[in-house]
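Observations on the three-dimensional arrangement
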Amino acid sequence: IANLMFGGTLARCPRIRFIFAHAGGILPLLAEHLVRAATVNPKLAAMAPQGVRAHLRHLHYDTALRMHATGIDSALALVGASNLLLGTDAPLRRSADQLAELHARGLADDVLRAIECDNARRLLDRYRDASRCSGCCACARCRPRYRSRCAPALPAPRARHRPRRSTISRIARP
């Protein structure tokens, strides 16, 4: 994650939807270190023009093996519920156990719904509920606006051509 941010990839490619497993691993513990590194080093700060925290909040994270109190609380504090997706890390742990652990955290119903399904629906356009669509996706209802406003025009398909045979294959044939 730090490499993508400080290498400039996140700034150059803001429309890529990255999803990182296990709530970013140790990212919640290292986030402040990354912020300080960008504060001290102007070259690193230039690679994260929106700021380290903003770049981290733009990414998405799953909750696999992080539904315990420390894991889910630190992920919520770092990025909020809107960028967390349900992850179970099956078959290492049963999905039912993971869900029970998430529900035992005492989170609000809207936070649970966001983590369990709404964030994935928002992130993965083709699973979006068209009745709740905001008008900026590629669903059937928005497709004309999406094509003209968001997606670049696709180039015309190139004519197919047969590859030329190499000189060796022409010589080898009688």
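Residues numbered from 1 in each chain as written. Predicted model: local features only at pLDDT ≥ 70, side-chain atom pairs only at ≥ 80, totals over all residues. Heavy atoms only, no water.

Describing the pattern of salt bridges
Across all of its chains, the model carries 4 salt bridges by this definition. One salt bridge connects Arg-53 with Glu-32, and the closest N-O pair in it is separated by 2.8 Å. A residue pair is termed long-range when its members are at least 10 positions apart, and Arg-53 in helix α5 (residues 52-58) and Glu-32 in helix α3 (residues 27-40) qualify at 21 residues. Note on Glu-32: relative accessible area 38%, which makes it partly exposed. Salt-bridge contacts for Glu-101 lead to Arg-93; the nearest nitrogen and oxygen are separated by 3.2 Å. (Salt bridge = Lys/Arg side-chain N within 4 Å of Asp/Glu carboxyl O. Helix = DSSP H or I, 4+ residues; strand = E, 2+ residues; numbered from the N terminus. Buried < 20%, exposed > 50% of the residue type's maximum accessible area, 1.4 Å probe, protein only.)

Describing α3
Relative to the 20 Å expected for 14 residues at 1.5 Å per residue, α3 spans 19 Å between its end C-alpha atoms, a close match to the ideal helical length. On its buried face, α3 is in contact with α1 (2-6), α4 (42-47), α5, β2 (60-62) and α6 (69-79). (Expected span 1.5 Å × (residues − 1). Contact = heavy atoms within 4.5 Å.)

A word on the nonpolar core
In this structure, Met-5, Val-52, Leu-56, Leu-59, Tyr-61, Leu-84 and Leu-102 are the most contacted members of the largest nonpolar core, which totals 26 residues. Among the elements that take part in this core, α3 stands out by supplying 5 residues, more than any other. If we ignore the near neighbours within four places in the chain, the residues touching Met-5 are Leu-10, Leu-34, Met-47, Ala-48, Val-52, His-55 and Leu-56. (Core = buried A, V, L, I, M, F, W, Y, C linked by side-chain atoms within 4.5 Å.)

Thoughts on the environment of Arg-17
Of note, Arg-17 is situated in the loop between α2 (9-12) and β1 (19-20). When the C-alpha positions of Arg-17 and Leu-59 are compared, they lie 6.9 Å apart, and in sequence the two are 42 residues distant.

So, the environment of Gly-51
Relative to the helices and strands, Gly-51 resides in the loop between α4 and α5. Here Gly-51 falls in the partly exposed class, since its relative accessible area comes to 24%. Expressed as a C-alpha distance, the spacing of Gly-51 and Val-35, which sit 16 residues apart in the sequence, is 7.9 Å.

Concerning the sheet that holds strand β3 (residues 84-85)
Across the sheet, which stays open at both edges, the 3 strands sit in the order β1-β2-β3 with parallel pairing between neighbours. Of all strands in the sheet, those with a lone pairing partner are β1 and β3, marking the two edges. Sheet topology note: the β2/β3 ladder contains 2 bridges and is parallel. Paired with Tyr-61 across the bridge in β3 is Leu-84. (Pairing = 2+ DSSP bridges.)

Quick word on the packing of aromatic side chains
Counted under the stated rule, the structure contains 2 aromatic pairs. Taking 5.9 Å as the distance between ring centres and 20° as the angle between the ring planes, the aromatic pair formed by Phe-18 and Phe-20 counts as stacked. No difference in accessibility class separates Phe-18 from Phe-20, as the two residues are buried. Chaining the aromatic ring pairs together yields one cluster made of Phe-18, Phe-20 and Tyr-61. (Phe/Tyr/Trp six-rings, centres within 6.5 Å; stacked < 30°, edge-to-face > 60°.)

Some thoughts on the confidence of the model for the protein
For the protein, the average pLDDT comes to 78, and 71% of its residues sit at 70 or higher. With pLDDT under 50 throughout, residues 133-157 is counted as low confidence; its partners more than four residues away or in other chains account for 25 contacts. (pLDDT = per-residue confidence, 0-100.)

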